[in-house]
Amino acid sequence: MIKSEFATKIAEKTELTKAKGAEVVEAMLSTLIETLKAGEEVNFLGFGKFEVQTVKARQSRNPRTGEKIMVPEHKRVRFKVSKKLEVW
């Protein structure tokens with residue numbers, strides 16, 4: 001499912017127009033991104049938790065040339081699924 005399809009489903013379930021459904025999805029995603037950029041976690045009980053993790057710098061190698069390279073420290077978003085969420 002792509003974002004526009006998701007927005008359409010939200011609009012149907014909330015009896016909003018498709019445009020309003022798209023606004024709701026955009027607002028939710030932008031708020032999620034802003035919160036994660038601020039270093040905070042976002043926890044949806046019964047669904048899962050989004051959090052920012054810092055990955056330490058490490059040495060790796062270029063698979064094409066075999067040359068050793070340093071991968072700098074960086075941040076990534078981690079999603080941990082709630083135990084209550086049963087998809088299958």
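A. Structural detail: the side chain of Glu51. Tracing the chain through its elements places Glu51 in strand 2 (residues 48–55). For Glu51, the residues in contact, after removing those within four places along its chain, are Leu36, Glu41, Arg76, Val77 and Arg78.

B. Local environment of the pairing of strand 2. For strand 1 (residues 42–44) and strand 2, the ladder comprises three bridges, and the chain directions are antiparallel. Directly across from Phe44, in strand 2, lies its bridge partner Gly48. The turn linking strand 1 back onto strand 2 is made up of three residues, and Gly46 within it adopts a positive phi angle of 85°. In the sheet, strand 2 pairs with strand 5 (residues 74–81) via eight bridges, with the strands oriented antiparallel. Within strand 5, the residue paired with Glu51 across the bridge is Arg78.

C. View of the sheet that holds strand 2. Here three strands make up an open sheet; going across it, the order is 1-2-5 and the pairing antiparallel. The sheet terminates laterally at strand 1 and strand 5, the two strands that pair on one side only. The average angle at which neighbouring strand axes cross in this sheet is 25°, direction not considered. Contacts from helix 2 (residues 18–37) reach strand 1, strand 2 and strand 5 within the one sheet, and its direction differs from that of strand 2 by about 40°.

D. Examining helix 1 (residues 3–14) more closely. Here helix 1 contains 12 residues, and its C-alpha end-to-end distance of 16 Å stays within 8% of the 16 Å for a straight helix at 1.5 Å per residue. Downstream of helix 1 by a residue or two, Glu15 has a phi angle that is positive, lying close to 55°.

E. Inspection of the environment of Ala22 at higher detail. Within the secondary structure, Ala22 is located in helix 2. Of the residues examined, Ala22 reaches a relative accessible area of 33% and is grouped as partly exposed. Along the chain, Ala22 and Glu5 lie 17 residues apart, while their C-alpha atoms are 9.3 Å from each other.

Rules of the game
Residues numbered from 1 in each chain as written. Predicted model: local features only at pLDDT ≥ 70, side-chain atom pairs only at ≥ 80, totals over all residues. Heavy atoms only, no water. Helix = DSSP H or I, 4+ residues; strand = E, 2+ residues; numbered from the N terminus. Contact = heavy atoms within 4.5 Å. Pairing = 2+ DSSP bridges. Axes fitted to C-alpha atoms, helices over the stretch in contact; angles between N-to-C directions. Expected span 1.5 Å × (residues − 1). Buried < 20%, exposed > 50% of the residue type's maximum accessible area, 1.4 Å probe, protein only.

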